[in-house]
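Fold and contact review
Spelled out from the first residue to the last, the chains are:
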Amino acid sequence: MPLTVAVTGPTGEIGLPLMEALERDPGVESVLGMARRPFEPAAAGWEKVFYRRGDILDRGSLAALFDGADVVVHLAFAIFGSREQTRRVNLQGSRNVFEAAVAAGVKRLVYASSVAAYGFHAGNPPLLTEGVPARGSESLYYSAQKAELESALSEIVAGSEVDVYVVRPCVVAGPRATMLVQQVVKSARFGDPLPALRRGLGRLPLVRPVLPDAGVPIQLVHHDDVARALGAAIAGVGPPGAYNLAGKGEVSVAEIAAAIGWRSVRVPGPAVGLGAGLAKRLSFVSPQLEWAAAFATPVLMDAGKARRELGWDPHFDAPETLLQTAISARETGLLD
Ligand SMILES: NC(=O)c1ccc[n+]([C@@H]2O[C@H](COP(=O)([O-])OP(=O)(O)OC[C@H]3O[C@@H](n4cnc5c(N)ncnc54)[C@H](OP(=O)(O)O)[C@@H]3O)[C@@H](O)[C@H]2O)c1
C-alpha cells in the first residue's frame, strides 16, 4: 500500500532533494513536511508533497503532523548556533519528534544522524562500521549532541512497535547542498586558520585564498544518494538499524581548493595534531562546523552495510560530488 510520509525539516539541503525523490516515488501516496519558514511545494510543480509551518519544539504541531502517517522522517536540526541555542532544538525538539512518532503509532521512524555521532577520536578504527559505538566528541557540540540523541532515541522507542532507521551521512554535498563550500569561504573570510602561513603567502602578488591541507581524506555523499538511502529506509527495505552513508572515494583539502579555484598548501606534521589546532581555530569562527573536525581528524566510514541491506547504490563518488558542488557554488555566486 502506498505510504503516507511525514517529514520534519523538508526544506534543508537533505530535505529538498528527498521531497523531489518522494514526489516521483510510486510507493508514496503523499508527503507532509513541516519547518518554520514559509515554503510552497506547488511552486516546484509537486503534487503530492504538502507543507505546513511549525516548530518541532511544539508538541501539538508534531501530533497534527504525524496523524495518519505511516512513516516519519526526522531531518529538522539546528546545525549552526551556539551549544546552548542548538541544544534546545536538537535535543528537546528531536525528543518531541521521537515521542510524538511513537504516540502516533507510525510503522517506521527514519532519523538523519551523522558521521559526527561516532566522534572524532584518534583511536577510531581506520574505517568505521556501524558496530563501533556512537560516542561523540565532547569538544564538538554537534558531535556530542548527535551521539546523545542516538542514545535518547533508543530509550524512547524501546518497547514500541516502531521500526527505527538511523542513517549516518558523511558531509553531504552536490549542486543543491553547498554548505561545505559556504563554510570554507566563511572560514577564509572571517578567520585565518594558519595566520603565519598566510602572512608569508600574502607577500606574493594577487594570492587567491589558501587552504591548509594536512593530508586528511574527506568523504562526501551526494544529496540525491542520501535521498535514495532515505527512500529505501522509508520503504522498509532492509532491517531497521544504523546505516553509514558515504559515496565511494575521498577528496583532499587540496582537491576542494582546486575545485573552487583556490590554492592549498600541504602543511607538515602529524595530521591529527595539526588538525586539532585547525579545528579549534575554525571552531572560533563557527563552532558548529562539522567539517572543521572532519578536516582535522581522519574519520572514514564503511558504507557496505547500506549497500548490502538497503540495496543502496550511490550514483556519485566523492570527486564527482565535489565537482558538481563547486560548479553550483560558482554559478550561484558563492565564491564571488
Ligand atoms: N548537510 C550535511 O552535510 C549533513 C551531514 C550529516 C548529517 N546531516 C544531518 O541531516 C539532517 C538534515 O540536515 P540538512 O543539511 O538538511 O540541514 P539544513 O539544511 O540546515 O536544514 C534544516 C531543516 O530543519 C528545519 N528546522 C530547523 N529547526 C527547526 C525547528 N525548530 N522546527 C522545525 N523545523 C526546523 C529547517 O527549516 P526552518 O529553518 O525553516 O525551520 C530546515 O528545513 C540534520 O540532522 C543534520 O545534522 C547533515
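Attention here is on the structure that accompanies the text.

Criteria and thresholds
- Residues numbered from 1 in each chain as written.
- Predicted model: local features only at pLDDT ≥ 70, side-chain atom pairs only at ≥ 80, totals over all residues.
- Heavy atoms only, no water.
- Helix = DSSP H or I, 4+ residues; strand = E, 2+ residues; numbered from the N terminus.
- Buried < 20%, exposed > 50% of the residue type's maximum accessible area, 1.4 Å probe, protein only.
- Near = heavy atom within 4 Å.
- Polar contact = N/O pair within 3.5 Å; in protein donor to acceptor, adjacent residues only side chain to side chain.
- Areas by Shrake-Rupley, 256 points an atom, 1.4 Å probe, with all protein chains shown as cover.
- Expected span 1.5 Å × (residues − 1).
- Phe/Tyr/Trp six-rings, centres within 6.5 Å; stacked < 30°, edge-to-face > 60°.
- Lys NZ or Arg CZ within 6 Å of the ring centre and 35° of its normal.
- Pairing = 2+ DSSP bridges.
- Axes fitted to C-alpha atoms, helices over the stretch in contact; angles between N-to-C directions.
- Parallel < 35°, antiparallel > 145°, perpendicular 65-115°, else oblique.
- Left-handed = near helix turned anticlockwise from the far one by under 90°.
- Contact = heavy atoms within 4.5 Å.
- Right-handed = clockwise from strand over helix to strand, strands pointing away.

1. Re the overall build of the protein
What the protein contains, in helices and strands, is 12 helices and 11 strands. Looking at the 336 residues of the protein, the share that counts as buried comes to 56%.

2. With respect to the site of the ligand
Among the 28 residues in the neighbourhood of the ligand, the closest are listed as Thr11, Arg36, Arg37, Tyr142 and Lys146. Backbone polar atom of isoleucine 14 to an oxygen atom of the ligand: 2.9 Å apart, as the coordinates give it. Between the ligand and arginine 37, the relevant distance is 2.8 Å, taken from an oxygen atom to a side-chain nitrogen or oxygen of the residue. Out of a free accessible area of 890 Å², the ligand has 95% covered by protein chains.

3. Quick look at helix α4 (residues 141-157)
An ideal rise of 1.5 Å per residue puts 24 Å on 17 residues; α4 measures up with 24 Å between its terminal C-alpha atoms. Taking burial as the measure, the 17 residues of α4 include 13 buried ones, the bulk of the element. Taken from the residues just after α4, glycine 159 is the one with a positive phi, measuring 85°.

4. Quick notes on the packing of aromatic side chains
Per the counting criterion, the structure on display carries 5 aromatic pairs. Each ring, one from phenylalanine 77 and one from tyrosine 142, has its centre 6.0 Å from the other, and the planes form 85°; the classification is edge-to-face. One end of the pair, phenylalanine 77, is in the loop between β4 (71-74) and α3 (83-104); the other, tyrosine 142, is in helix α4, and 65 residues separate them in sequence. Residues phenylalanine 77 and tyrosine 142 agree in their burial class; the two are buried. For the pair phenylalanine 98 and tyrosine 111, a centre-to-centre distance of 5.5 Å together with 75° between the ring planes defines the contact as edge-to-face. Here tyrosine 111 lies in strand β5 (residues 108-112) and phenylalanine 98 lies in helix α3, a separation of 13 residues in the sequence. Residue phenylalanine 98 shares its accessibility class with tyrosine 111, and that shared class is buried. Among the aromatic side chains, those forming a connected cluster through ring pairs are Phe39, Trp46 and Tyr51. A cation over a ring is seen here: lysine 146 above phenylalanine 77, with NZ or CZ 3.5 Å from the ring centre. A cation sits over an aromatic face here: lysine 305 above tyrosine 243, 4.3 Å from the ring centre.

5. A word on the environment of alanine 158
By the secondary structure assignment, alanine 158 is in the loop between α4 and β6 (163-169). With 56 residues separating them along the chain, alanine 158 and valine 102 place their C-alpha atoms 9.8 Å apart.

6. A short note on the sheet that holds β4
One open sheet accounts for 7 strands, arranged β3-β2-β1-β4-β5-β6-β10; its pairing is parallel. What marks the edges here is a single partner per strand, and that holds for β3 (49-53) and β10 (241-245). Sheet twist, expressed as the mean angle between neighbouring strand axes with direction ignored, is 20°. Strand direction decides the pairing type here: strand β2 (residues 28-35) and β3, joined by 5 bridges, are parallel. Counted as the bridge partner of alanine 35 is arginine 53 from β3.

7. So, the packing of α3 against α4
Packed helices, taken two at a time, are described by the angle between their axes plus the distance between the axes. Remark: α3 packs on α4, axes separated minimally by 10 Å, with the N-to-C direction vectors making an angle of 20°. One element, α3, and the other, α4, form an angle in the roughly parallel class. At the point where α3 passes α4, the crossing takes the right-handed sense. The segment α3 lies against α4, with Arg83, Thr86, Arg87, Asn90, Leu91, Ser94, Arg95, Phe98, Glu99 and Val102 engaging Tyr141, Gln145, Glu148, Leu149, Ala152, Leu153, Glu155, Ile156 and Val157.

8. Let's talk about the pairing of β5
Summarising burial for β5: 5 of the 5 residues are buried, a large majority. Residues Arg108, Val110 and Ala112 point to one face of β5 and Leu109 and Tyr111 to the other, with burial holding for every one of them. Each parallel crossover has a hand, and the one from β4 via α3 to β5 is right-handed. When β5 meets β6, the two strands line up parallel, connected through 5 bridges. Directly across from leucine 109, in β6, lies its bridge partner valine 164. In this fold, the crossover linking β5 to β6 by way of α4 has right-handed handedness.

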